[in-house]
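Per-entry structural report
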Amino acid sequence: MRGENDLPAPGDKEESFGSSGAGLGGDSESGEAFEALFAKRESADPSTPATEARRHFLIRIGALAAVSGIGGFAISRAIADERSSGEPVGAKIRYGLFVDADRCARGCDACVRACNEEHGLEPEHGIATDPQWIRKVTLLDRRSGRISTLPLMCQHCEEPPCVDVCPTGASFKRADGIVLVDKHICIGCRYCVMACPFQARSFVHEEVTDPKPWSPRGKGTVESCNFCVHRLDASKESEGSASRARPACVEACDTRGYRALVFGDLNDPLDPVARAIAERGGQGLRPDLALDTKVLYRGV
Amino acid sequence: MGSHEISYAEYRTIGRGSGPFIALIVALLLVIVAGLAAAHTMDSEGHHITGMNNRIVWGLPHVFAIFLIVAASGALNIASLSSVFKRKRYTPLARLSAVMAIALLAGGLMVLVLDLGRPDRLIIALTHYNPVSVFAWNVMLYSVFITVSGIYLGVLLAPDAGDPKRARWVSGIGIVALSWRLALTTGTGCIFGFLVARQAYDAAIMAPLFVAMSLSSGMAVFILVLCATAYWAKRPQPGAAFDATLGQLARLQGIFVALTSYFVIVRHLTNLYAAEHGEIERFLLIDGGLHPAIFWIGQILLGTLTPLALLLGIPWLIAKPPSAKRIVLAAGAVVIGGFAWLHGIVIGGQAAPLEIFPGKEIIEGDLIDGNPVGYSPTLPEFLLGLGGVASALLIIVIALRLLRILPKSLSGDADETDAVPKVSEASGSGL
């Protein structure tokens, strides 16, 4: 499992075929060849180094075919095809959020209000049955006396307990790491609310009066932050590339000038979120639970 | 042993044309209707009319439902004592045991299902199955348990069930039922034991604790139902043999209460030993508001010490063996203790603040953060829970009316298999 701050180095591949290549060819060259093949399949941009890797691959595959015969080639291609077709779409992308608590202003709830507005949440009762996809908390460090304030929402765990416990599979993790609830098959058992270590989930306690077409909600089901997945999907440039859209909370924080929230693809080292984490450092909540959360905090 | 054998003809239905019997049915139906009306109101209005909220998401209906489910598997033990452990004294009660197992589980599931946010989508729990979900395992465990108990009951009801040639069948299904009931309560305990996020749960001891609690609460409910049928319907006829069997059940009840308290003590002591669990233990046992009071008064004083004293006696104060009245009182106390225990597990465990930021204190936050959140159950929740209990009782009563569940009397020499003096002889002492 990848640690929270363990972002891939620029040369890293999301998935490596080294093992299967070595297993088949028995030499490191064939492993590289398969790796290159995979890089080509995953690459959406023809100007990437994958083109060069492809050329190298073709040259090397000729030598490999001469050594191991055309049969070996056919088998290896078949296995390569199997692996790539079994890959979930967008698995290369890992959406994540960086929260700089040092920039988060105490008393500001712009992110919370933006989220409520975006998803048609109605927290007007001021009681504990109100839906809360993001909530602001202020913490006092018992040892140092330091006070920090931060937004708390679904942490989009790589190993989400809510997904494990859901009896119907309504709670699920998308290929790009976003944890969602399928409102059509949620039976409202609330076991996921019990299982969430961050109390990030809300149960819809009453009729939804102002539903937004892009954010389905329903009485008797469970819901939580979805990184404004409708925005991400609507603005996705091409399959396999990360969306340039940002969740409503991130936008609101920027508009207020705090810039405490940075959103993007954690797997892309050039993405602002990955760069922010690389430069400023960040840590997930409850690292002892080894859930590999995708919301990383600094200054907490 | 042979003197405990009861012929098929000895088993009789009860309540035919009886006024009090019809009154009981009507009363139970009224409670069930009230429960269904409450569930309908919760479903149409939403759960905001209950005391539940985003912190306490499982409330009183879960306490009722889990109690009934746990008691269901415990109630089946009397049949197991007969079929698996060959204690023939309990054979005449095996049918009631299987009926109660089915009825209590059905009542519990009714509450559990009607408390869902979308009870209309229950079928989805079968069509979309997440194999890693403990809840999904429990759906399977409950379904099979009802099926196995039904087959078990069918085998026990067969006119030739007492035939030695059929003994292997009875024993075989008895072993399956016993194994499955252990799996079921283990699974129920795992619903809590596998919640890594919550400091009050996340412990393997939850599984054996639930098994022990099921033995105890199942026996208590069985004793109460058996005494009710004996004293109100005279089935089985109260007498020396009945008192002797009841005395045996009481002895087992005492052992099960002690066993449960052992697991409760181990759970809390192991938590107290680990510094990281200090806060949660402090909350549950000392400063968690209502929860320590329910623990010490409901679970320990009423649910553990009272039945132990009533059943086992206290030198110079409470003589042993216990009278039938004391046994019934003890069983009632165990039921109260069971509810208190589940209140502590289900609601106390959720009320305790979550450790989201270790070493830090939440000084400003949402209503669901930081300090314990109150939970005041409302009438619909209570009615739904009672509706489940009434449903279980109605199934038992209907089964007693339609099927030959209980014998006219328990025969056999009371002193044959045990050394417990007859209850009627000792009834003058104690309470």
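The following refers to the structure shown. (Residues numbered from 1 in each chain as written. Chains lettered and ligands numbered in written order. Predicted model: local features only at pLDDT ≥ 70, side-chain atom pairs only at ≥ 80, totals over all residues. Heavy atoms only, no water.)

What follows covers the overall build of chain B. A tally of helices and strands in chain B yields 14 helices and three strands. Looking at chain B as a whole, 56% of its 431 residues are labelled buried. Summarising the internal contacts of chain B: among those between residues at least 6 apart in sequence, 81% fall at separations of at least 24. Here chain B has roughly 17,100 Å² of accessible surface; of this, 69% comes from carbon and sulfur atoms. (Helix = DSSP H or I, 4+ residues; strand = E, 2+ residues; numbered from the N terminus. Buried < 20%, exposed > 50% of the residue type's maximum accessible area, 1.4 Å probe, protein only. Contact = heavy atoms within 4.5 Å. Areas by Shrake-Rupley, 256 points an atom, 1.4 Å probe, with all protein chains shown as cover.)

This part is about the overall build of chain A. Helix and strand counts for chain A stand at nine helices and nine strands. In chain A, which comprises 300 residues, the proportion classed as buried is 55%. Here the contacts in chain A between residues at least 6 apart in sequence split such that 62% fall between residues at least 24 apart.

Below, the discussion takes up the environment of Ser97(B). Residue and element names in this part refer to chain B. When you line up the elements, Ser97 lands in helix α4 (residues 94-114). According to the relative accessible area criterion, Ser97 is buried, its value standing at 0%. The sequence separation of Ser97 and Leu76 amounts to 21 residues, and the corresponding C-alpha distance is 5.0 Å. Of note is the side chain of Ser97, whose polar atom sits 3.0 Å from the backbone nitrogen of Ala79. (Polar contact = N/O pair within 3.5 Å; in protein donor to acceptor, adjacent residues only side chain to side chain.)

Turning our eyes to something else, we now look at the packing of aromatic side chains. Using the criterion set out here, one finds 16 aromatic pairs over all chains in the structure. Between Phe64(B) and Phe382(B), the ring centres sit 6.0 Å apart and the planes meet at 70°, which makes this aromatic pair edge-to-face. Taken as a pair, Phe64(B) in helix α2 (residues 60-75) and Phe382(B) in helix α13 (residues 379-402) lie far apart in primary sequence, 318 residues in all. Judged by relative accessible area, Phe64(B) falls into the buried class, the value being 6%. Ring geometry for Tyr231(B) against Phe242(B): centres 6.1 Å apart, planes inclined by 85°, an arrangement best described as edge-to-face. Note that Tyr231(B) is positioned in helix α8 (residues 206-232) and Phe242(B) in helix α9 (residues 240-273), a separation of eleven residues in sequence. Under the relative-accessibility criterion, Tyr231(B) is labelled partly exposed at 35%. Taken together, the ring pairs in this structure connect Tyr191(A), Trp58(B), Phe135(B), Phe192(B), Tyr201(B), Phe210(B) and Trp341(B) into an aromatic cluster. Sitting over the face of the ring of Phe203(A), Arg190(A) holds its NZ or CZ atom 5.0 Å from the ring centroid. Here the guanidinium or amino end of Arg95(B) rests over the ring plane of Tyr11(B), the centre of that ring lying 3.6 Å away. (Phe/Tyr/Trp six-rings, centres within 6.5 Å; stacked < 30°, edge-to-face > 60°. Lys NZ or Arg CZ within 6 Å of the ring centre and 35° of its normal.)

One open sheet holds the three strands; their spatial order is β3(A)-β2(A)-β2(B), and the pairing between them is antiparallel. A single partner strand is all that each edge strand has here, and the edge strands are β3 (147-153) of chain A together with β2 (360-364) of chain B. Each strand of the sheet is rotated relative to its neighbour by a mean of 40°, with strand direction disregarded. Inspection of the sheet shows strand β2 (residues 134-141) of chain A paired to β3(A) by seven bridges, in the antiparallel sense. Residue Arg135(A) lies in a different strand from β3(A), and its bridge partner there is Leu152(A). Against the sheet, helix α4 (residues 110-119) of chain A engages β2 and β3 of chain A, with an angle of about 160° to β2(A). (Pairing = 2+ DSSP bridges. Axes fitted to C-alpha atoms, helices over the stretch in contact; angles between N-to-C directions.)

This brings us to the sheet that holds strand β8 (residues 261-265) of chain A. Two orientations exist for strands paired in a sheet by backbone hydrogen bonds: parallel and antiparallel. Residue and element names in this part refer to chain A. A sheet is described by the order of its strands in space; here three strands give the open sequence β8-β1-β9, paired in mixed fashion. Two strands lie at the open edges of the sheet, namely β8 and β9 (295-298), each paired on one side alone. Pairwise comparison of adjacent strand axes, ignoring direction, gives a mean angle of 20° for this sheet. Bridge count for strand β1 (residues 95-100) against β9 is four bridges, and the pairing is parallel. Counterpart to Leu97 in the pairing with β9 is Val295. The strands touched by helix α9 (residues 272-280) within the sheet are β1, β8 and β9, with β8 carrying the most contacts at an inclination of about 120°.

Below, the discussion takes up the packing of α2(B) against helix α7 (residues 167-193) of chain B. All names here are of chain B. At a closest axis distance of 9 Å, the pairing of α2 and α7 adopts a crossing angle of 155°. With respect to α7, the element α2 is oriented roughly antiparallel. As for the relative orientation of α2 and α7, their crossing is left-handed in sense. Mapping the contact onto sequence places Ile66, Ile69, Val70, Ser73 and Gly74 in α2 and Arg181, Leu184, Thr185, Thr188 and Phe192 in α7. Looking at side-chain class alone, the contact of α2 with α7 contains five nonpolar, four polar and one charged residues. (Parallel < 35°, antiparallel > 145°, perpendicular 65-115°, else oblique. Left-handed = near helix turned anticlockwise from the far one by under 90°. Nonpolar A, V, L, I, M, F, W, Y, C, P; charged D, E, K, R; others polar.)

One finds Tyr191(A), Leu96(B) and Phe192(B) to be the most contacted residues of the largest nonpolar core, which totals 188 residues. The element that contributes the greatest number of residues to this core is α8(B), accounting for 16 residues. Apart from the residues within four sequence positions on either side, Tyr191(A) is in contact with Val165(A), Trp58(B), Val134(B), Phe135(B), Cys190(B), Ile191(B), Phe192(B) and Leu195(B). (Core = buried A, V, L, I, M, F, W, Y, C linked by side-chain atoms within 4.5 Å.)

Below, the discussion takes up the packing of helix α1 (residues 19-45) of chain B against α13(B). The packing of two helices is summarised by the inter-axis angle and the distance between the axes. Residues and elements named next belong to chain B. At a closest axis distance of 7 Å, the pairing of α1 and α13 adopts a crossing angle of 145°. The element α1 and its partner α13 pack so that their crossing is left-handed. A breakdown of the residues in the contact of α1 with α13 according to their chemical character gives 20 nonpolar, three polar and two charged.

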